[in-house]
Amino acid sequence: INAEYMGNILQFMARGVTTEWEDIHVRLGNYLPREKVPTMEELSTKALDKVEQIDPLKDKDLEELKELEDEFDEEVLKDYKKKRLEELKEEAKKPRFGTVLEINKQEYIAEVTNAPKDVFVVLSLYQDHIIESLKLNLIMEQLSKKHTDVKFVKMTATKCIESFDDFNVPSILIYRNTLVFKQLIPLANFIPVIGISAKSFERLLGTLGVIHLEEESTDEVPKKLQILTAMKKRGKESDEEDRSDEERDTEYASNQVWKYKLKQ
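Quick caveat: nothing in here was measured; it's all calculated off a predicted structure.

Draft legend 1. Summary view of the overall build of the protein. Each helix and strand in the protein was counted, giving eleven helices and five strands. Taken across its 264 residues, the protein has 31% of its residues classed as buried. When contacts within the protein are restricted to residue pairs at least 6 apart in sequence, long-range pairs at least 24 apart make up 62% of them. About 18,300 Å² of surface is accessible on the protein, with carbon and sulfur atoms providing 52% of the total.

Draft legend 2. Summary view of the pairing of strand β3 (residues 151-156). Most of β3 sits out of view: five of its six residues are buried. As defined by bridge partners, strand β1 (residues 100-102) adjoins β3 across three bridges and the pair is classed as parallel. For Val100, the partnering residue across the bridge sits in β3 and is Phe152. Looking at chain direction, strand β2 (residues 120-126) and β3 are connected through six bridges and run parallel. For Ser124, the partnering residue across the bridge sits in β3 and is Lys154. Between the parallel elements β2 and β3, the chain passes through helix α7 (residues 131-146) in a crossover that is right-handed.

Draft legend 3. Looking closely at the environment of Ile211. Here Ile211 shows up in the loop between α9 (198-208) and α10 (220-236). For Ile211, a relative accessible area of 8% corresponds to the buried category. Sequence-wise, Ile211 and Thr148 are 63 residues apart; in three dimensions their C-alpha atoms are separated by 9.8 Å. Excluding its chain neighbours within four sequence positions, the residues that come into contact with Ile211 are His147, Val150, Glu202, Leu205 and Gly206.

Procedures and definitions
- Residues numbered from 1 in each chain as written.
- Predicted model: local features only at pLDDT ≥ 70, side-chain atom pairs only at ≥ 80, totals over all residues.
- Heavy atoms only, no water.
- Helix = DSSP H or I, 4+ residues; strand = E, 2+ residues; numbered from the N terminus.
- Buried < 20%, exposed > 50% of the residue type's maximum accessible area, 1.4 Å probe, protein only.
- Contact = heavy atoms within 4.5 Å.
- Areas by Shrake-Rupley, 256 points an atom, 1.4 Å probe, with all protein chains shown as cover.
- Pairing = 2+ DSSP bridges.
- Right-handed = clockwise from strand over helix to strand, strands pointing away.

Here's what the structure looks like:
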């Protein structure tokens, strides 16, 4: 029996508990030392640190900030309002589209290659006889109204490239600042196109940095932490009887602080 095998067996023993026999063999190099198991206090501290890093005002618009005037310091809200106004001004300067433009070969350079500076152009190469590509065009129409700073364009594949193989339909070409930013040929190499959804295509564009995906709601973070707490509680129930009253009191106090923080 080698040391690695014995070390793996020891992983199934009680967490954080070693015997004198094991300690001797670890020192002699016969067994592998166990990985340190984080305590509930360490897990709680780590979770609390993540909660405290959440900025509750980060994604609030001007109207929402106004409603919070009685809850936050006036100077703090003033800075956030100023920042939001500056962001709105910058947004107003950006070109707006909001639809999917059908183009032909003669319009390609003007509409795709020479699009406005810093604008992403998402070009769909489709064929009328390929259902998945038509569905993708409908999805792009939906996303174009949501992400109006992105230029969505479609073109019959064989009008763009005469020998374009149906096997590669649908395909996506992404341009920015006159250059090809990304080629998704065929799109099926990146996401499933059978039963493609707006969510999956939007997530792909978000991953590529073409569109901005909204961050996970901060309201969901405390919920997930509560679920995590419950899971860990179930996992340690079997060890509860072996713990001292002092240990239980310490963890109870820690949990009360945690619950208080989550309510904030």
